[in-house]
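Observations on chain architecture
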Amino acid sequence: MAALVVKVTCGTERVETLMQAFTVAATGLASGLEVSVWLTGDATLHALPGTDDVVIPHSPPLSQLRDAVLAGGTLTVCAQCARRRELEEPDLLPGARIAGAAAFVAEATAPDATALVY
C-alpha cells in the first residue's frame, strides 16, 4: 500500500500551513493511503487534550482533521520536541505516540512512501 508521511513543523504561528498539512493527511486517508503525521516544534501541542481548536474559513476544524488521522493513521510527536516540552505519552491524546528521528527516517524512506514537510 502507498504511504504518505506528513511532517508538520509549525503551530498556530503559521495557521494556514498547519491546516494544509492536516487537510492533506486526512485527504490521503480518505484516498486509501497509509498515513503517518509527525508533529515537531510547536505543532506538538496539537497532540495534547484540551488544546484550543483551530478554525479557519473554508476548512474543517483542526480537531476534526486530527481525529481522522488518529482514527485511520498514525500521529507521532517528535521525541526531542516532547522532551523539550516535558511531555510523555500519557500526556498525549489516546492513540498518539512519541518516537525519534530514526523512526521518522524509516517511515519517510520506505518503499512506496511519499514524505511531505509543512
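In this report, we go over the structure that sits alongside the text. (Residues numbered from 1 in each chain as written. Predicted model: local features only at pLDDT ≥ 70, side-chain atom pairs only at ≥ 80, totals over all residues. Heavy atoms only, no water.)

1. Focus on the sheet that holds strand β3 (residues 74-78)
The sheet built from five strands is open, its strands ordered β4-β3-β2-β1-β5 with parallel pairing. The open sheet has two edge strands, β4 (96-99) and β5 (113-117), and neither has a second partner. Going across the sheet, the axis of each strand differs from the next one's by a mean of 25°, ignoring polarity. With respect to the sheet, helix α1 (residues 15-30) is in contact with β1 (3-8), β2 (34-39), β3 and β5, its orientation differing from that of β1 by roughly 165°. (Pairing = 2+ DSSP bridges. Helix = DSSP H or I, 4+ residues; strand = E, 2+ residues; numbered from the N terminus. Axes fitted to C-alpha atoms, helices over the stretch in contact; angles between N-to-C directions. Contact = heavy atoms within 4.5 Å.)

2. Quick look at the packing of α1 against helix α2 (residues 62-72)
Two elements in contact, α1 and α2, have axes whose closest approach is 9 Å; the angle formed by their N-to-C orientations is 40°. Regarding the angle of α1 to α2, the classification is oblique. The chirality of how α1 crosses α2 is left-handed. Between α1, through L18, M19, F22, T23, A25, A26 and L29, and α2, the contact on the second element is made entirely by L62, L65, R66, A68, V69 and G72. In terms of residue class, the contact of α1 with α2 is made up of ten nonpolar, two polar and one charged. (Parallel < 35°, antiparallel > 145°, perpendicular 65-115°, else oblique. Left-handed = near helix turned anticlockwise from the far one by under 90°. Nonpolar A, V, L, I, M, F, W, Y, C, P; charged D, E, K, R; others polar.)

3. Some remarks on the environment of Y118
Following the sequence through the fold, Y118 ends up in the segment after β5. As for Y118 and P61, which are separated by 57 residues in sequence, their C-alpha atoms are 18 Å apart. Every residue in contact with Y118, bar those within four places of it in the chain, is listed here: V6, K7, V8, T9, C10, T17, Q20, A21 and V24.

4. Description of unusual backbone geometry
In this structure, H58 is a non-glycine residue whose phi angle is positive, near 65°. Among the secondary structure elements, H58 is positioned in the loop between β2 and α2. For H58, a relative accessible area of 87% gives the class exposed. In this model, E86 sits at a positive phi of 55°, which is unusual for a non-glycine residue. Within the fold, E86 resides in the loop between α3 (79-84) and β4. (Buried < 20%, exposed > 50% of the residue type's maximum accessible area, 1.4 Å probe, protein only.)

5. Quick look at the pairing of β1
Buried residues dominate β1, accounting for five of its six residues. Direction of pairing for β1 relative to β2: parallel, over a ladder of six bridges. Considered in β2, the bridge of V5 is made with S36. Note that the unit made of β1, α1 and β2 has a crossover that is right-handed. (Right-handed = clockwise from strand over helix to strand, strands pointing away.)

6. A word on the pattern of salt bridges
Throughout the structure, instances matching the rule amount to three salt bridges. The partner of D42 in a salt bridge is R85, and the shortest N-O contact between them spans 3.2 Å. In this pair, D42 is assigned in the loop between β2 and α2 and R85 in the loop between α3 and β4, connecting sequence segments 43 residues apart. Between R97 and E107 there is a salt bridge, with the nearest N and O atoms lying 2.8 Å from each other. With a gap of ten residues between them, R97 in strand β4 and E107 in helix α4 (residues 101-108) connect regions that are remote in the sequence. Note on R97: relative accessible area 26%, which makes it partly exposed. (Salt bridge = Lys/Arg side-chain N within 4 Å of Asp/Glu carboxyl O.)

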